[in-house]
Amino acid sequence: MHEMVQTLEETASTEVSQAAIEVADVDFCYGRSRALKDISLKVPKGEIIAFIGPSGCGKSTLLRCFNRMNDLVPGARVTKGEIHVNGVEIHQPGVDPVELRRRVGMVFQKSNPFPRTIYENVAYGPRLAGPVEKSDLDDVVEGALRGAALWDEVKDRLDESAFGLSGGQQQRLCIARTIAVKPEIVLMDEPCSALDPVATAKVEELILELKKDYTIVVVTHNMQQATRISDLTAFFYLGELVEFDRTSAIFTSPKRQETEDYVTGRFG
C-alpha cells in the first residue's frame, strides 16, 4: 500500500502535461467474451472526459478498469495492454487496489448512500484511512459537503439518515463521500441517469466546479450532457474506441462516419 502511495505522489509531481490516465493497447474479457479491443487513449490532467456510445459498447467496462473495480467480477480481466494512473501501471505487483480506489474515486449510476447518518456517510472513508481527531473529521466532512454543493442544504441535518435526502441530494452526498478522501481522479458512471432535470442541472454544475481540483471521467448516454460538461469526448462502439477528440469536434465535425451517425441520432 505504501509503495502505491509513494509512487503516485512522486509521479504526480512531475511534468504537468503528463496524462492522468494512459491506456495502451488494452483488451478486456468477461470470461471468453472480449468486451474491449485494442483500446488506447490518454486522459489529460484537469479535464472532463465524456465516454459516449450505445449500451454494451464497453464504456463503463473501461471506466471500471481505471480503479480495478472489475477485479470484483469473476472471470473479468485485462488480457492485453497496460493502464497507467499518474505514470504507475496499476496491475504491477505492489499496487494495492484499495489504495488505488481511494486515489481514483467512483460515483455510480444509482446513488448508494450507506444506511447511516449524513455525517457518517462522509466520515466513513477518512475514518477508514486512519485515526483522525473529531475536530479534524468535522472539518473534512464540512469541506467535502461544501465541495459537493450540499453543505447549506444539510448542515442542520447531519445526524439524520441519508435516506431522508432527495435523489439528487443523495447523489451529491455520494460525490461528497468520494471527494472526502481526496482522490486525484473521479470516475462517474452515468451519475444523472436516475435524476430529474433540476437535480441533473445541479450535478452538472457541480461536475464543472470539481474540475478545478480533479480529473473527471464521465460515462453518459446523454449527448447533450456531454456537450455541456466535457472538454473531450470518446465514442465507443462494439468494444472499440472509434474516435476521441475535443468535444466540440466530436459533435460538429467528427472524422468517422460512425461517430457522425451516432451523434446525429441515426443509431444508438
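Each remark here, short or long, concerns the structure printed above.
(A) Inspection of the pairing of strand β4 (residues 76-85) at higher detail. Here strand β1 (residues 19-30) runs beside β4; their pairing, made up of eight bridges, is antiparallel. Along β4, the bridge assignment pairs aspartate 27 with lysine 80. Summarising the sheet, β4 and strand β5 (residues 88-89) pair through two bridges and their orientation is antiparallel. Following the sheet pairing, valine 85 is matched in β5 by valine 88.

(B) Layout of the packing of helix α7 (residues 167-179) against helix α8 (residues 197-210). Direction vectors running N to C along α7 and α8 enclose 20 degrees, while the axes themselves pass 9 Å from each other. With respect to each other, α7 and α8 are oriented roughly parallel. As for how α7 packs across α8, the hand of that crossing is right-handed. Note on element contacts: α8 touches α7 through Ala199, Lys202, Val203, Leu206 and Leu210, opposite Gly168, Arg172, Ile175 and Ile179. For the contact of α7 with α8, a count of residues per class yields six nonpolar, one polar and two charged.

(C) The arrangement of the sheet that holds strand β10 (residues 240-246) in detail. Taken together, the six strands give an open sheet; going across it, the order is β6-β7-β8-β3-β9-β10, and neighbouring strands pair in mixed fashion. The strands lining the two open edges of the sheet, one partner per strand, are β6 (104-107) and β10. Taken over all neighbouring pairs, the strand axes of this sheet differ in orientation by 15 degrees on average, direction set aside. In this sheet, strand β7 (residues 185-189) lies alongside β6 in parallel orientation, the contact comprising four bridges. Paired with valine 104 across the strands is isoleucine 185, a residue of β7.

(D) Just the sheet that holds β5, in detail. In spatial order, the strands read β2-β1-β4-β5; together these four strands make up an open sheet with antiparallel pairing. Two strands in the sheet have a free side with no partner beyond their single neighbour: β2 (33-44) and β5.

(E) Region of the structure containing the layout of surface pockets. Of the voids in this model, the largest pocket is the one considered here, and its volume is about 740 Å³. Lining the largest pocket are 24 residues; nearest its centre among them are Val98, Arg101, Arg102, Leu128 and Val181. Only α3 (97-103), β6, α4 (118-129) and α7 provide two or more residues apiece to the lining of the largest pocket. At five residues, α3 tops the list of elements feeding residues into the lining of the largest pocket.

Conventions used here
- Residues numbered from 1 in each chain as written.
- Predicted model: local features only at pLDDT ≥ 70, side-chain atom pairs only at ≥ 80, totals over all residues.
- Heavy atoms only, no water.
- Pairing = 2+ DSSP bridges.
- Helix = DSSP H or I, 4+ residues; strand = E, 2+ residues; numbered from the N terminus.
- Axes fitted to C-alpha atoms, helices over the stretch in contact; angles between N-to-C directions.
- Parallel < 35°, antiparallel > 145°, perpendicular 65-115°, else oblique.
- Left-handed = near helix turned anticlockwise from the far one by under 90°.
- Contact = heavy atoms within 4.5 Å.
- Nonpolar A, V, L, I, M, F, W, Y, C, P; charged D, E, K, R; others polar.
- 1 Å grid on protein atoms, 1.4 Å probe; cavity = no way out; pocket = protein on both sides within 12 Å on 5 of 7 lines; lining within 4 Å.
- Points joined across faces, edges and corners; volume = space filled by probe spheres on them.

Purely spatial values, then, with no claim about function.
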